[in-house]
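Geometric and topological summary
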Amino acid sequence: VPGMSSVGGKEQSGRYGGLMTWADKARSCVDWGKEDQERLARLHAWLQPEYEDVIDDLLERLSVLNGAQPAMRNVRFAQRLRRVIREWLAGLVEEPFADGFAENRRALGQRLADLDLAFEDVVFLEGVAFRQLFSLAKGRLQGQPEELSLTMCALQKAMTQNRALVYAGYLDLHDAELEQAL
């Protein structure tokens, strides 16, 4: 049906008869440009030395939020959660419209759900990560408020894309569970 699409890399008929991927449509919808990608890449580079500390903070806050400190004592669970959170964080500052990104983020949503993280937890983590990345960018872009604003705008665009795709993964898992129940 023209005008309707599913999240992912599948080609759909565009309003003007051409074929567009979902990523093309999303890129256009959020007005994603080369400058946005450059700003995100710079933010990604700034994050690298802080990466493990940011992940530690995210895991600690998540653990407190959910009262999951006992579960975090299980080494295998803690390692799996850490890997998934690392992948989630990396996806926030990677090219959100690259080939395969949509499918990878949907699959990540399913892995997050498999770890019993509610989607609300993901939204919470996103808010914490945004504050941490804002602080990091603010420290690097002192005296450049316009560039700081544009950098955070690019991050917000990427986070919006990410949130939609991760949520789609949660929905995929929910739909599969409903089908099994029937």
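Refer to the structure above for everything that follows.
Residues numbered from 1 in each chain as written. Predicted model: local features only at pLDDT ≥ 70, side-chain atom pairs only at ≥ 80, totals over all residues. Heavy atoms only, no water.

Comments concerning the packing of aromatic side chains
For the structure shown, the criterion picks out two aromatic pairs. Taking 5.5 Å as the distance between ring centres and 75° as the angle between the ring planes, the aromatic pair formed by phenylalanine 119 and tyrosine 170 counts as edge-to-face. Within this pair, whereas phenylalanine 119 is found in helix H7 (residues 119-140), its partner tyrosine 170 is found in helix H8 (residues 145-181), the two being separated by 51 residues in sequence. According to the relative accessible area criterion, phenylalanine 119 is buried, its value standing at 17%. For tyrosine 170, a relative accessible area of 13% corresponds to the buried category. In this structure an aromatic cluster arises from ring pairing among Phe119, Tyr167 and Tyr170. (Phe/Tyr/Trp six-rings, centres within 6.5 Å; stacked < 30°, edge-to-face > 60°. Helix = DSSP H or I, 4+ residues; strand = E, 2+ residues; numbered from the N terminus. Buried < 20%, exposed > 50% of the residue type's maximum accessible area, 1.4 Å probe, protein only.)

Re the packing of helix H2 (residues 34-47) against H7
Packed helix pairs are characterised by how far apart their axes lie and by the angle those axes make with each other. It is at 10 Å that the axes of H2 and H7 come closest, and there the two elements cross at 95°. Considering the angle they form, H2 stands roughly perpendicular to H7. Facing Leu43, Trp46 and Leu47 of H2, the residues of H7 in contact are Leu133, Leu136, Ala137 and Arg140. Residues of the contact of H2 with H7, tallied by class, amount to six nonpolar, no polar and one charged. (Axes fitted to C-alpha atoms, helices over the stretch in contact; angles between N-to-C directions. Parallel < 35°, antiparallel > 145°, perpendicular 65-115°, else oblique. Contact = heavy atoms within 4.5 Å. Nonpolar A, V, L, I, M, F, W, Y, C, P; charged D, E, K, R; others polar.)

Some details on the nonpolar core
If you look at the biggest cluster of nonpolar residues, it comprises 48 residues, and the most contacted ones within it are Leu58, Ile85, Trp88, Leu89 and Leu112. Residue assignment for this core shows that the elements contributing at least two residues are helix H1 (22-29), H2, helix H3 (51-66), helix H5 (75-92), helix H6 (101-114), H7 and H8. Counting residues per element, this core draws most heavily on H8, at nine residues. In this structure isoleucine 85 touches Ile55, Leu58, Leu59, Leu112, Leu117 and Leu125, once residues within four positions along its chain are discounted. (Core = buried A, V, L, I, M, F, W, Y, C linked by side-chain atoms within 4.5 Å.)

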